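Okay, here's what each chain looks like letter by letter:
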Amino acid sequence: MNLVLLTDNLFVGEVKRKVMKLNFGGMIPISTVDWCGRSVSVIFFNGCPLRCLYCQNYRLIDGNNQVELEEIEKKIIGSENFISAVVFSGGEPLMQYGALEHLAGFTKERGLLVGIETNGYYPGRLSRLIEKKLIDRLFLDIKAPAHPGKYKIITGGVEDAGWRVFKSLELRGVPVEVRTTVFRSYSDISGIAESLKSYDCTYVIQQGIPENAPDEVIKKDKTLARDELAALARSVSFLKDVRIRTREKGEEKIN
Ligand code: SF4
């Protein structure tokens, strides 16, 4: 087995211990924009192994807010009459694998679907969740083409990020929605779309909000308009299911 995947899977030992707390980044009790066609709760996990230049949630990266898992379960129960699924997001939810596995299992027991929004850095842990049938839809953030150098730049110097992410994309057994957040000073949609050509996935181009980014250059960008995103989507019409997501109009299927 590859050394990276082996390291990734060493977390299995931790899962066997009782995980009682989550480093909790917050919750949106009801959202209609995070899973097309569904009303969902979104639970944010603090912490992330990457440092993306345009991170839209960077306040979560170093957050520390330890909350009993029982409290999170109560929050899910509080929303369950209004939702059909829970999306676990971040930060990077797979960084806290034990808490994630527990909460995904709890969510399934309540008769709700589970979505995981991940940067793909932990293919071994992701594979384990899929094997356990704890994921119904995977939302995979892809930030650059399958080129280690490009991936390293956008993720703040993380050497193996690109390799790991495309390993995650190769996993089978669950529908995959790939997402890319774009900015005027950073977007490589054509390169990413080329890298996706041989995969069966939905591709969503998301409107980045420059003022939410930590990078000073991106922060000064003018937000890309809905029509500009639609043009980007049309430029990769060789992919079979391409959508855009904007503040103005929500999610729209373009190709
Ligand atoms: S992977 Fe996501 S949460 Fe982590 S730094 Fe990048 S954009 Fe931020």
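Residues numbered from 1 in each chain as written. Predicted model: local features only at pLDDT ≥ 70, side-chain atom pairs only at ≥ 80, totals over all residues.

Undergrad: Quick question: what am I supposed to make of the overall build of the protein here?
TA: A tally of helices and strands in the protein yields 10 helices and 10 strands. Over its C-alpha atoms the protein spans a radius of gyration of 17 Å, differing by no more than 12% from the 18 Å that the globule rule assigns to 255 residues. C-alpha extents for the protein along the principal axes are approximately 45 × 45 × 35 Å. By residue count, 37% of the 255 residues in the protein fall in the buried class. For the protein, the share of sequence-separated contacts (at least 6 apart) that also reach a separation of at least 24 residues comes to 69%. (Helix = DSSP H or I, 4+ residues; strand = E, 2+ residues; numbered from the N terminus. Rg over C-alpha atoms; globule rule 2.2 N^0.38 Å. Buried ≥ 20, exposed ≤ 12 C-beta atoms within 10 Å, placed from the backbone. Contact = placed C-beta atoms within 7 Å.)

Undergrad: Is there a simple way to think about the nonpolar core in this case?
TA: A general tendency of soluble globular proteins is for nonpolar side chains to be buried together. Counting residues in hydrophobic clusters, the biggest one holds 62 residues, and the most contacted among them are Val86, Phe88, Leu100, Ile116, Ile205 and Ala233. Beyond its immediate chain neighbours, meaning those up to four positions away, Ile116 contacts Phe88, Pro93, Leu129, Ile135, Leu138 and Phe139. (Core = buried A, V, L, I, M, F, W, Y, C linked by C-beta atoms within 7 Å.)

Undergrad: Explain the site of the ligand to me, please; I cannot follow it from the model alone.
TA: As a structural note, the neighbourhood of the ligand is formed by 13 residues, with Cys48, Leu50, Cys52, Cys55 and Asn119 the closest of them. By residue class, the composition of the shell around the ligand is six nonpolar, four polar and three charged. (Near = placed C-beta within 6 Å. Nonpolar A, V, L, I, M, F, W, Y, C, P; charged D, E, K, R; others polar.)

Undergrad: Honestly, the packing of helix α3 (residues 69-79) against helix α4 (residues 97-109) in this entry has me stumped. Any pointers?
TA: Helix packing for two helices is described by the angle between their axes and how far apart those axes are. Running from N to C, α3 and α4 point in directions that differ by 35°, and their axes come no closer than 11 Å. Note on packing geometry: the crossing formed by α3 with α4 is right-handed. Contacts between α3 and α4 involve Leu69, Ile72, Glu73 and Ile76 on the former and, on the latter, Ala99, His102, Leu103, Phe106 and Thr107. For the contact of α3 with α4, the residue count by class is six nonpolar, two polar and one charged. (Axes fitted to C-alpha atoms, helices over the stretch in contact; angles between N-to-C directions. Left-handed = near helix turned anticlockwise from the far one by under 90°.)

Undergrad: Would you take a moment to explain the environment of His147 for this structure?
TA: Along the chain, the position of His147 falls in the loop between β6 (137-141) and α6 (148-154). Judged by the 15 C-beta atoms lying within 10 Å of it, His147 falls in the partly exposed class. Measuring from C-alpha to C-alpha, the distance between His147 and Gly90 comes to 24 Å, with 57 residues separating the pair along the chain.

Undergrad: Explain the sheet that holds β6 here, please?
TA: Think of a sheet as strands paired side by side through backbone hydrogen bonds, with each pair either parallel or antiparallel. In spatial order, the strands read β3-β1-β2-β4-β5-β6-β7-β8-β9-β10; together these 10 strands make up an open sheet with mixed pairing. In this open sheet, the two strands that pair with only one neighbour each are β3 (66-68) and β10 (250-253). On average, each strand axis in the sheet is inclined to that of its neighbour by 30°, with strand direction left out of account. Sheet topology note: the strand β4 (residues 85-90)/strand β5 (residues 113-118) ladder contains four bridges and is parallel. Residue pairing in the sheet places Val87 in a bridge with Gly115 of β5. (Pairing = 2+ DSSP bridges.)

Undergrad: Is there a simple way to explain helix α5 (residues 123-131) in this structure?
TA: Helical geometry note: an α-helix holds 3.6 residues per turn, so side chains three or four residues apart project in the same direction. Three or more residues of α5 are buried, namely Pro123, Gly124, Arg125, Leu126 and Leu129. Lys133 occupies a position one or two residues after α5 and carries a positive phi of about 60°.

Undergrad: Would you mind showing me how to read the environment of Arg226 here?
TA: Structurally, Arg226 can be placed in helix α10 (residues 226-234). With 16 C-beta atoms counted inside 10 Å, the residue Arg226 sits in the partly exposed group. For the pair formed by Arg226 and Val86, sequence separation is 140 residues and the distance between their alpha carbons is 28 Å. Contacts of Arg226, omitting those with residues within four sequence positions, involve Thr246, Glu248 and Lys249.

Undergrad: I would appreciate a short explanation of the pairing of strand β7 (residues 176-182) in the present structure.
TA: For a regular strand, side chains alternate in direction, first toward one face of the sheet and then toward the other. In the sheet, β6 pairs with β7 via four bridges, with the strands oriented parallel. Bridging from a neighbouring strand, Leu140 pairs with Val178 of β7. The pairing of β7 with strand β8 (residues 202-207) spans six bridges and is classified as parallel. Across the sheet, residue Thr181 finds its bridge partner in β8, namely Gln206.

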